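# Secondary and tertiary structure notes
In case you want the letters, here they are:
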Amino acid sequence: MPENRMKARVDVKHPNLVMLGLYLGAFLGMLSETSMNIALPDLKETFQVSASTAQWLVVGYMLVIGIVLPFTSLLLKWIPAKPMVLFALTAFFIGSLISGFAPASSFAILLIGRMIQGISTGLVLPMMFAVILEVFPLNKIGFAMGTATLVVMFAPAIGPTLAGAFIGALSWRWIFFFFALVALVAIVAAAIWMVNPYTLLRPKIDGLSCLTSILGFGGIVLGISLISEPGMMAGAIIALVVGIVAVAFYSYRQLHMTNPVIDLHALGIKQFTVGTIIVMMNFSITLAAMYLMPQELQQGLGIKAAVAGLIMLPGGVVNALMSLFAGRLYDSIGPKLLVRIGLVLSMVGLIMLFMVGPDTSIAFVIAAHIILMLGIPTTMSPAQSSALAALPQELSTDGSTILNTLQQVVGAVVTAVATILLSTGQQHALGGNGSNHAQAFVAGSRYGFVFAFVLAVIAMIASFGIKQHAGEPDSKAEAK
């Protein structure tokens, strides 16, 4: 066993260089997913569209990811990984240029560019986590997953700062031009160092599974996203019903097929399922906080976009450092203690954010954000490493696809719920005691932070199912 832990499934000299294109692509994907929140006011003004229309820049992006992502595992059984990575990164590059050069008279062109970016993100995210399991030895999985977590978690943390800086100094278009530049670097890195770690099995493609996957995951993401849109409740319910029924049929079919699109038997491995639940809750806390904080700073505390971004910078830096540190700690002490410490820190940070008011000092807000950004990566990297390391090789790509698909679906749910709670809290505050709009926005944000705290409690309960030593075979896995 010790010797096996020292050897990777695929022998490469420089695994970090192999991963560089994927790391950059995943960073861009998550940065693009979260940086739009702070840019929406400027985009509404440029394109003369309503808030609900502008929100499609977020919804449309997540919708495409939700449709594409479940097919990644199947595609990797048909197409070599390197050409797939290059296609995905090129798509992001092209999509960024389309959005960056979109004329002010055509919101549709801007949206098309965003949706092309979504194709790339839907492919890159699961590939990054799956390839890590192939090119790194088991005893270094924690460090590698810590790096991947840094990529995924640092992007939402730094997104508001970066977007605010571009908007303040130049214009929103430079957000997309920056995306294009980094995508170009990623393309070059993948072209030089990326490898093909998988044997192509080319299983039979089941058309019905593909159709129900698109209807199911696309319907759920679309339906949930539409719930918060005024006048769209009927459409949201129809999309949700279609999505839920399609996912139920899709799941049943995958479990009874010889060559499924995604092998859902991975969910029968307890360590993977427990880790997945914690990752979902932790990712949801991140999205909720990153959705609420930039808006609360601007509309609740009256701070300009560029300054709001700078306020969130220290937490972003702490997030980056802790992501790497948590990965190293995972390799030496395992996931259980780290996950619980991280969740406690997240709870403390959320309680502090709940206490923020229009007159709260900036120092207090920064401190609350830093504590939250300490807790989130301390939980995320060990939980994700524990989940994926529990899978046998034949389920590694399926497990990564499951994990990332659920993240996007949960992300849509959390964004919708946070929007509804924010609006509900605002209305309650305005109708109850004559609060001004700044006070009402802060009150609405508190509803969202309570929701995030509940998610942390759910993750803490799930953490009691984590094994101390990742990589040990699960009894259910052996049974399979």
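The shown structure was predicted, so the numbers you read here are calculated from the model rather than taken from an experiment. (Residues numbered from 1 in each chain as written. Predicted model: local features only at pLDDT ≥ 70, side-chain atom pairs only at ≥ 80, totals over all residues. Heavy atoms only, no water.)

### Focus on the overall build of the protein chain
Formally: Counting from the N terminus, the helices are DSSP H or I runs at least four residues long and the strands are E runs at least two residues long. Radius of gyration: C-alpha atoms only; globule rule: 2.2 Å multiplied by the number of residues to the exponent 0.38. Contacts are residue-level and defined by heavy atoms, with any inter-residue pair within 4.5 Å sufficient. Surface accessibility follows the Shrake-Rupley procedure with a 1.4 Å probe radius. Residue values consider only the protein chains on display as shielding. In this count, Lys and Arg are taken as positive residues and Asp and Glu as negative ones, while His and the chain termini are left out. A charge is said to be at NZ when it belongs to Lys, at CZ for Arg, at CG for Asp and at CD for Glu.
Helix and strand content of the protein chain: 19 helices and zero strands. A globule of 480 residues ought to have a C-alpha radius of gyration of about 23 Å, and the protein chain, at 21 Å, matches this closely. If one aligns the C-alpha atoms of the protein chain with their principal axes, the spans along those axes are about 65 × 45 × 40 Å. Intrachain contacts of the protein chain at a sequence separation of at least 6 include 83% that bridge at least 24 residues. Total accessible area on the protein chain stands at roughly 18100 Å², and carbon and sulfur atoms take up 70% of it. Across the protein chain, the centroid of the 22 positively charged side chains sits 3 Å from that of the 17 negatively charged ones.

### Considerations on the environment of Gly275
The residue Gly275 is located in helix α12 (residues 270-300) in this model. In this structure, the C-alpha to C-alpha distance between Gly275 and Asp263, residues 12 residues apart in sequence, is 17 Å. For Gly275, the residues in contact, after removing those within four places along its chain, are Ala383 and Ala387.

### Some details on the packing of aromatic side chains
The condition that has to hold: Aromatic rings from Phe, Tyr and Trp, taking only the six-membered ring of Trp, are treated as a pair when their centres fall within 6.5 Å; an angle between ring planes under 30 degrees marks them as stacked, one over 60 as edge-to-face, and anything in between as tilted. Think of it in three bands: with a 1.4 Å probe and only protein chains considered, a residue is buried below 20% of the maximum accessible area for its type, exposed above 50%, and partly exposed in between.
This structure, assessed with the given rule, holds nine aromatic pairs. Considering the side-chain rings of Phe47 and Phe107, the 6.0 Å spacing of their centres and the 80° angle between planes classify their relative orientation as edge-to-face. With Phe47 in helix α2 (residues 15-47) and Phe107 in helix α7 (residues 107-135), the pair connects residues that are 60 residues apart, well separated along the chain. For the residue pair Phe47 and Phe107, the accessibility class agrees, reading buried in each case.

### Some remarks on the environment of Ser73
Within the secondary structure, Ser73 is located in helix α5 (residues 72-76). Note: C-alpha distance between Ser73 and Ser423 (350 residues apart in sequence) is 38 Å. Residue contacts for Ser73: discarding those within four places in its chain leaves Val261, Thr397, Asp398 and Thr401.

### A short note on the packing of α12 against helix α16 (residues 362-389)
Think of two packed helices as two axes; the pair is described by the angle between the axes and how far apart they sit. Put simply, the rule reads: Comment: axis = line fitted to C-alpha atoms, over the contacting stretch for helices; angle = value between 0 and 180 degrees taken between N-to-C directions. Angle categories are assigned with fixed cut-offs, so that under 35 degrees is roughly parallel, over 145 is roughly antiparallel, 65 to 115 is roughly perpendicular, and the rest are oblique. Handedness of a crossing follows from how the near helix is turned relative to the far one, being left-handed for an anticlockwise turn of less than a right angle and right-handed for a clockwise one. As a working rule, the residues Ala, Val, Leu, Ile, Met, Phe, Trp, Tyr, Cys and Pro are called nonpolar, Asp, Glu, Lys and Arg charged, and the rest polar, with Gly in that last group.
Put simply, α12 and α16 touch, their axes get as near as 8 Å, and they point 155° apart. In terms of their interaxial angle, α12 and α16 are classed as roughly antiparallel. As for the relative orientation of α12 and α16, their crossing is left-handed in sense. Split into classes, the residues belonging to the contact of α12 with α16 amount to 17 nonpolar, nine polar and no charged.

### A short note on the side chain of Glu296
Formally: Counted as salt bridges are all cases of a side-chain nitrogen of Lys or Arg within 4 Å of a carboxyl oxygen of Asp or Glu.
Inspection of the secondary structure puts Glu296 in helix α12. For the buried residue Glu296, which engages in no salt bridge, the nearest side chain bearing the opposite charge is Arg446, 5.9 Å off. Beyond its immediate chain neighbours, meaning those up to four positions away, Glu296 contacts Leu301, Val356, Phe441, Val442, Ser445 and Phe449.

### A few points about helix α15 (residues 336-354)
The cut-off we apply is this: A helix is expected to span 1.5 Å multiplied by its residue count minus one.
In this model α15 runs 27 Å from its N-terminal to its C-terminal C-alpha over 19 residues, within 8% of the 27 Å that 1.5 Å per residue would give. Those residues of α15 that fall on the buried side of the exposure criterion are Leu338, Val339, Gly342, Leu343, Ser346, Met347, Gly349, Leu350, Met352 and Leu353.

### Let's talk about the nonpolar core
How we decide: What we call a nonpolar core is a set of buried Ala, Val, Leu, Ile, Met, Phe, Trp, Tyr and Cys residues that are connected through their side-chain atoms within 4.5 Å.
Counting 150 residues, the largest nonpolar core has Met19, Leu22, Leu43, Leu110, Met128 and Ile132 as its most contacted members. For this core, the element with the most residues is α12, which contributes 16 residues. Not counting residues within four places of it along the chain, the set of residues in contact with Met19 comprises Met128, Val131, Ile132, Val135 and Phe136.

### Considering a nonpolar patch on the surface
Here is the rule: Nonpolar side chains (Val, Leu, Ile, Met, Phe, Trp, Tyr) are joined into patches within 5 Å and like charges within 9 Å, using only residues with over 30% relative accessible area and no salt bridge.
On the surface, Ile277, Ile351, Phe354, Met355, Val450, Val454 and Ile458 cluster together into a nonpolar patch covering about 570 Å² of accessible area. Secondary structure elements with two or more residues in the nonpolar patch: α15 and α18 (437-462). With three residues, α18 is the largest single contributor of residues to the nonpolar patch. With respect to the secondary-structure elements, Ile351 resides in helix α15.

### Some thoughts on the packing of helix α4 (residues 56-68) against helix α10 (residues 207-227)
Closest axis-to-axis distance for the α4/α10 pair is 8 Å, and the angle between their directions is 160°. In terms of orientation, α4 and α10 fall into the roughly antiparallel class. Helix-helix and strand crossings are classified by hand; for α4 and α10 the assignment is right-handed. Taken together, the residues of α10 that come into contact with α4 (itself represented by Trp56, Val59, Met62, Leu63, Gly66 and Ile67) are Ile214, Phe217, Gly218, Val221, Leu222, Ser225 and Leu226. When grouped by side-chain class, the residues that make up the contact of α4 with α10 number 10 nonpolar, three polar and no charged.

### Side note on the confidence of the model for the protein chain
Spelled out, the test is: Predictor confidence is given residue by residue as pLDDT, running from a minimum of 0 to a maximum of 100.
Per-chain confidence: the protein chain averages 80 in pLDDT, with 90% of residues scoring 70 or above. pLDDT under 50 marks residues 470-480. Its contacts with residues more than four places away, or in other chains, come to 16 contacts.

### Some words on α4
With 13 residues, α4 ought to run about 18 Å at 1.5 Å a step, and its terminal C-alpha atoms sit 17 Å apart, in line with that. For α4, a buried count of 11 out of 13 residues is recorded, marking the element as mostly surrounded by other parts of the structure. Of the positions making up α4, those classed as buried are Leu57, Val58, Val59, Gly60, Tyr61, Met62, Leu63, Val64, Ile65, Gly66 and Val68.

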